[in-house]
Amino acid sequence: DMKSNNDRGYISPAYNGAIKRYCQTLDLKNDPELIKTYTYWHNKEHIWPEIPKGIREAGILNMEIYLLGNRLFMIVETPVDFNWDEAFGRLAKMEKQAEWEAFVDKFQQSEAGAASSEKWQRMEQIFQLP
């Protein structure tokens, strides 16, 4: 039960050296059944195996998605020399990725057929503990 982790926090992987972190947001359609189904398909037991495989092959070290109401927040961790546009260009051509984007379209508040990079909005960091 992921809800029980809210108060205890979530464990993150440790890395040797610096990494880059990207934070993005996207709103789901505000429909509890759609949100429940979207969450179901992102569970590690139900996600299409090609999706995390492709994400790792594109050079992403870690990806996490959090949910509050119908708002999603994604954290993507990569090597420092990671090139976002190049990696996501490669990812889009990998097995099942385009089909996955079409599948999740119906849950997301976005233009039909939009690329992942068009749907997810990059967030600006405004604070880091000095």
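See above for the structure.
Residues numbered from 1 in each chain as written. Predicted model: local features only at pLDDT ≥ 70, side-chain atom pairs only at ≥ 80, totals over all residues. Heavy atoms only, no water.

Caption draft 1: Quick look at the pairing of strand β1 (residues 20-27). Both β1 and strand β3 (residues 71-78) contribute to a ladder of eight bridges, which runs antiparallel. Among the inter-strand pairings, Asp27 is bridged to a residue of β3, identified as Arg71. As paired strands, β1 and strand β4 (residues 121-122) are joined by two bridges and run antiparallel to one another. Bridge assignment links Thr25 to a residue of β4, and that residue is Gln121. (Pairing = 2+ DSSP bridges. Helix = DSSP H or I, 4+ residues; strand = E, 2+ residues; numbered from the N terminus.)

Caption draft 2: Broad picture of a nonpolar patch on the surface. Judged by side-chain polarity, Ile126, Phe127 and Leu129 come together as a nonpolar surface patch covering roughly 440 Å² of accessible area. Relative to the elements of secondary structure, Leu129 occurs in the segment after β4. Overall, the relative accessible area of 72% leaves Leu129 in the exposed class. (Patch = residues over 30% accessible without salt bridge, like charges linked within 9 Å, V, L, I, M, F, W, Y side chains within 5 Å. Areas by Shrake-Rupley, 256 points an atom, 1.4 Å probe, with all protein chains shown as cover. Salt bridge = Lys/Arg side-chain N within 4 Å of Asp/Glu carboxyl O. Buried < 20%, exposed > 50% of the residue type's maximum accessible area, 1.4 Å probe, protein only.)

Caption draft 3: Representation of the packing of aromatic side chains. As enumerated under the stated definition, the model contains 13 aromatic pairs in all. Between the aromatic rings of Tyr22 and Trp84, the centroid separation amounts to 4.5 Å while the plane-to-plane angle is 50°, which identifies the pairing as tilted. Of this pair, Tyr22 sits in strand β1 while Trp84 sits in helix α3 (residues 84-92), and the two are 62 residues apart along the sequence. In this structure, Tyr22 and Trp84 share a single accessibility class: buried. The rings of Tyr38, Tyr40, Trp41, Trp48, Trp100, Phe103 and Phe107 are connected pair by pair, giving a single aromatic cluster. Positioned above the aromatic ring of Trp48 is the side chain of Lys96, whose terminal nitrogen or guanidinium carbon lies 5.5 Å from the ring centre. Geometry around Trp84 places Arg122 over its ring, the cationic atom sitting 4.4 Å from the centre. (Phe/Tyr/Trp six-rings, centres within 6.5 Å; stacked < 30°, edge-to-face > 60°. Lys NZ or Arg CZ within 6 Å of the ring centre and 35° of its normal.)

Caption draft 4: Examining the sheet that holds strand β2 (residues 62-68) more closely. Taking strand neighbours across the sheet as the criterion, the four strands line up as β2-β3-β1-β4 in an open arrangement whose pairing is antiparallel. With one partner strand each, in any of the chains shown, β2 and β4 form the two edges of the open sheet.

Caption draft 5: Representation of helix α2 (residues 50-57). Restricting attention to buried positions, one finds in α2 the residues Glu50, Ile51, Gly54 and Ile55. Taken down its axis, α2 places every buried residue within 135° of arc, on the same side. As for α2, its buried residues are in contact with β2, α3 and α4 (97-105). (Arc of directions from axis to C-beta. Contact = heavy atoms within 4.5 Å.)

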